[in-house]
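Next come the chains, spelled out residue by residue.
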Amino acid sequence: MTPTDASDLELICPAGTPPALRVAVDAGAHAVYCGFQDETNARNFPGLNFSRADMATAIAYAHQRDCKVFIAVNTFPRAGDAELWKRAVDDAAALEADAVILADMGLLSYASARHPSLRLHLSVQAAAASPEAIRFYTETFGVKRVVLPRVLSVAEIAEINKAISCETEVFVFGGLCVMAEGRCSLSSYATGESPNMHGVCSPAGHVSYHEANGDFVSRLGSFTINRIPAGQPAAYPTLCKGAFRAKGTIGQVFEDAVSLDASALLPALCRAGVKALKIEGRQRSRAYTKAVVASFRAALDAMARGTEIPLGSLRPLSEGQSATCGAYIKTWR
Amino acid sequence: MRSTTLTLGPVLFNWPADRWRDFYFRIADEAQIDHVCIGEVVCSKRQPFFADVLPNVIERLERAGKEVLLSSLVLPTLRREVHHDAELINGRHMIEVNDASMLPLVAGRPHAIGPFVNVYNEGTLGFLVSRGARLVALPPELPRSSIEAIASAIPDVTIEVWAFGRTPLAMSARCYHARLHGHSKDSCQFVCDQDTDGAIVETLDDEPFLVVNGVQTLSHTFCNLLKDASDLVSIGVSSLRLSPHTCDMVVISQLFRDVLDGRLDADDAFLRSRDLCSSATFSNGFIHGAAGALYL
């Protein structure tokens, strides 16, 4: 695959709710991704997601404005109870979604057999990290696009794109999974609820806070995830961003409370043959969605024109006020 | 009906080659194990360390009547990693697939699916069995209800459950051992060899929580399903996986064998396993649909 022409790059934006979808569409998203109101998608949070009627209205709104809608059905169907997931795929097809984003091999098999004209994208939750893994999904199920796991450097992404025939989509902004997606049970180890099975990570219902000896203590399940002097700003206790003690030292063993910002790498990702740039954050506010989508759309438009990319407006939006390029830069490892 | 088998999973930690070899020699000579999955699955940089002793180990295990399976890497991304895994199929051994990249290579021939491939339901199981999977190790976080639904769906496949040892919880591109020692992954100096059962990660309230093993994160607790074994067999589980640690795995495997064969009471076996692993905290929360760290 050759480098992507900047004018062909797609900006894929999160839509946690119908109002957020309209904001993202109006701010310049080329496509939005969203999910139904149940555990079939990986952002199964209270107050988020779309009823079937919401989805029909949202797709009409987006399509009238030349914006695509991708429906994420990207958790792993519960054994003995796969009907909920199959119905989500059937309804996405009936509602004329532009693609479904799937991770489970059984569900991919079902979708490709039942809905041969439905466009299939491979979710990041499948963690397909090599050309061989990607070709398995494209050749077996006819997957047209793969969302790459956040474990690869830009150079590795370029090599992958040379060796495959489908499109690739990468995360450029928002929450940063430190672990290979879809291969992580840290959340269920502490809480019993996991991204793969329940569509949640470090769920709020298992978070508690208290003060002890002048410290503000955040817990997930029964485990202390962070302990900071009371009065200082505390990050949400996502398990892999917590402070722990190992080898006699205290610190963020896995990752600091940072979020992903690959805006400086947009030209490099374009040269690496990436087709679509994805913004994380279906759980974020409309104001956030509007600001991030507009900033990235301006950056893509500047790239397409060959003018300087306007950056810098995104930094205040990053979680914990600091950002990283994550695995895209090899030294992160 | 065939009796429930025991599988010894691959050594997940960076053991010195002589320890690694001696461990398997003893397993060959003394352990009541049916399948032995062997090979480095966590970090390809460790593979050369035991490459020289691998043929001898396989020969010794096979002479002792164990079925040897070659395990593929959990998250191959580099060219040499993918090539290494592809070479595995050139031998006469069954492959244990731990990443989708291996699936095209084993299609149409008998193979095993390791616990790092996401088999969460009978649909995925059916798909994999149709391509030649004969032994499928389920993801450790699955609850009993899912295990039962999967195990009852297709009769002619061995369904395996993670039954002993620290539970693998996550894989990353980042090496946490190197990070803890202030090294980069590319110049890690193989510091993971200092922690033969993983490096303990404690909460800031001094509670042991996780362990890191290079790019892998595991539970601090040891999964121990001795007391759940007969129930799992009754719902269709046909193999239990024991994951190697520095405690006496020969005796651990004997305890599981004796419980499965009705020679030893599960409560007694559990107490004896506690004596064998005196520093371990046991857990079985995942199969009960609870936090994996709990023992219920």
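Remember, it's a predicted structure, so these values are computed and weren't measured experimentally.

A. Molecular detail of the overall build of chain B. Scanning chain B from N- to C-terminus turns up eleven helices and twelve strands. In summary, chain B has a C-alpha radius of gyration of 18 Å against a globular reference of 19 Å for 296 residues, a match within 12%. Out of the 296 residues in chain B, the part that is buried amounts to 65%. For chain B, the separation between the mean place of its 26 positive charges and that of its 37 negative charges on side chains is 4 Å.

B. Representation of the nonpolar core in the model. Residues A:V32, A:Y137, A:V172, B:Y24, B:I27 and B:F164 are the most contacted members of the largest nonpolar core, which totals 218 residues. When residues in this core are grouped by element, the largest group, eight residues, is from strand β7 (residues 158-171) of chain B. Counting contributing residues, this core receives three or more from each of domain 1 (6-176 + 258-328) and domain 2 (186-252) of chain A. A:Y137 has contacts with A:M105, A:L108, A:L122, A:A126, A:A128, A:G142, A:V143 and B:A100, leaving out every residue within four places of it along the chain. Among the nonpolar cores identified, the runner-up in size contains five residues, and B:C37, B:M94, B:A112 and B:L135 belong to it.

C. Representation of the packing of aromatic side chains. Counted under the stated rule, the structure contains 25 aromatic pairs over all chains. Both rings, one in A:F136 and one in A:F141, keep their centres 5.9 Å apart while their planes meet at 80°; by these two values the pair is edge-to-face. Since its relative accessible area comes to 1%, A:F136 is described here as buried. Aromatic pair A:Y209 and A:F216: ring centres 5.3 Å apart, planes at 20°, arrangement stacked. The class for A:Y209 is partly exposed, based on a relative accessible area of 41%. Overall, A:F216 belongs to the partly exposed group, its relative accessible area being 23%. Taken together, the ring pairs in this structure connect A:Y189, A:F223, A:F244, A:F254, B:Y176, B:F209 and B:F286 into an aromatic cluster. One Lys or Arg, B:K45, reaches over the ring of B:F190 and ends 5.4 Å from the middle of that ring. One residue, B:R60, lies across the ring of B:F25, its end atom 4.0 Å from the ring centre.

D. The arrangement of the interface of chain B and chain A in detail. Contact residues are listed per partner, giving 68 residues for chain B and 63 residues for chain A. Across the chain B to chain A interface the summed buried area is about 5300 Å²; carbon plus sulfur atoms make up 59%. The three residues of chain B that bury the most area against chain A are B:R174, B:L204 and B:F209, which together make up 14% of that side's buried surface. At the surface where chain B touches chain A, the tally comes to nine salt bridges. The shortest N-O distance in the salt bridge between B:D99 and A:R183 comes to 2.5 Å. Of the residues belonging to the side of chain B that touches chain A, the class tally is 36 nonpolar, 18 polar and 14 charged.

E. Looking closely at the environment of B:D268. Assignment of secondary structure puts B:D268 in helix α11 (residues 266-276). A C-alpha to C-alpha distance of 32 Å links B:D268 and B:R63, two positions 205 residues apart in sequence.

F. Broad picture of helix α6 (residues 122-130) of chain B. Residues and elements named next belong to chain B. Residues T124, L125, F127, L128 and V129 constitute the buried set of α6. A side-chain oxygen of the first residue of α6 lies 3.2 Å from the backbone nitrogen of G123; this N-cap is N121. Taken from the residues just after α6, G132 is the one with a positive phi, measuring 120°.

G. View of the pairing of β7(B). Residue and element names in this part refer to chain B. Taking burial as the measure, the 14 residues of β7 include 14 buried ones, the bulk of the element. As paired elements, strand β6 (residues 133-137) and β7 share three bridges and run parallel to each other. Bridge pairing links V136 to I159 in β7. Across four bridges, β7 lies against strand β11 (residues 239-242) in parallel orientation. The residue of β11 that forms the bridge with W162 is R241. Of the pairings in the sheet, the one linking β7 to strand β10 (residues 216-224) comprises six bridges and is antiparallel in character. Opposite R166, over in β10, you have F222 as the bridge partner.

H. Here's a closer look at the confidence of the model for chain B. Taken residue by residue, chain B gives an average pLDDT of 95. The fraction at 70 or more is 99%. Interface confidence for the predicted complex, expressed as ipTM, amounts to 0.96; the pTM equals 0.95.

I. Structural view of the environment of A:Y110. Residues and elements named next belong to chain A. Position of Y110 among the secondary structure elements: in helix α4 (residues 105-114). C-alpha of Y110 to C-alpha of T168: the two residues are 58 residues apart in sequence and 22 Å apart in space. Once you skip the residues sitting within four places of it in the chain, Y110 turns out to touch K86, V89, D90 and H115.

J. Focus on the packing of α4(A) against helix α5 (residues 131-141) of chain A. Residue and element names in this part refer to chain A. The interhelical angle for the contact between α4 and α5, taken along N-to-C directions, is 35°, at an axis separation of 10 Å. For the pair α4 and α5, the contacting residues are M105, L108, S109 and S112 in the first and F136, Y137 and F141 in the second. Here the contact of α4 with α5 is built from residues that sort into five nonpolar, two polar and no charged.

K. Focus on the pairing of strand β3 (residues 67-71) of chain B. Residue and element names in this part refer to chain B. Among the five residues that make up β3, four are buried, leaving the element largely enclosed by the rest of the structure. Across four bridges, the pairing between strand β2 (residues 35-38) and β3 is parallel. Bridging across to β3, I38 finds its partner in L70. The pairing of β3 with strand β4 (residues 94-97) spans three bridges and is classified as parallel.

L. Quick peek at the sheet that holds strand β9 (residues 215-220) of chain A. Residues and elements named next belong to chain A. Ordered by their spatial adjacency, three strands build an open sheet running β8-β9-β10, and the pairing between neighbours is antiparallel. Whereas interior strands pair on both sides, the edge strands pair on one side only; in this sheet they are β8 (207-212) and β10 (223-229). For this sheet, the mean inter-axis angle between neighbouring strands, taken without regard to orientation, is 20°. Note: β8 against β9, six bridges, orientation antiparallel. Residue pairing in the sheet places A212 in a bridge with D215 of β9.

M. Molecular detail of unusual backbone geometry. Residues and elements named next belong to chain A. A positive phi angle, near 45°, is found at A127, a position not held by glycine. Take A127: it is sitting in the loop between β5 (120-122) and α5. Using a relative accessible area of 2% as the deciding quantity, one classes A127 as buried. Here the phi dihedral of N213 falls at roughly 55°; this positive angle occurs in a residue that is not glycine. Its place among the elements puts N213 in the loop between β8 and β9.

Calculation criteria
Residues numbered from 1 in each chain as written. Chains lettered and ligands numbered in written order. Predicted model: local features only at pLDDT ≥ 70, side-chain atom pairs only at ≥ 80, totals over all residues. Heavy atoms only, no water. Helix = DSSP H or I, 4+ residues; strand = E, 2+ residues; numbered from the N terminus. Rg over C-alpha atoms; globule rule 2.2 N^0.38 Å. Buried < 20%, exposed > 50% of the residue type's maximum accessible area, 1.4 Å probe, protein only. Lys, Arg positive; Asp, Glu negative; His and termini not counted. Charge placed at Lys NZ, Arg CZ, Asp CG, Glu CD. Core = buried A, V, L, I, M, F, W, Y, C linked by side-chain atoms within 4.5 Å. Domains from an automatic or database assignment. Contact = heavy atoms within 4.5 Å. Phe/Tyr/Trp six-rings, centres within 6.5 Å; stacked < 30°, edge-to-face > 60°. Lys NZ or Arg CZ within 6 Å of the ring centre and 35° of its normal. Buried area = accessible area lost by both parts, 1.4 Å probe. Salt bridge = Lys/Arg side-chain N within 4 Å of Asp/Glu carboxyl O. Nonpolar A, V, L, I, M, F, W, Y, C, P; charged D, E, K, R; others polar. Polar contact = N/O pair within 3.5 Å; in protein donor to acceptor, adjacent residues only side chain to side chain. Pairing = 2+ DSSP bridges. pLDDT = per-residue confidence, 0-100. Axes fitted to C-alpha atoms, helices over the stretch in contact; angles between N-to-C directions.

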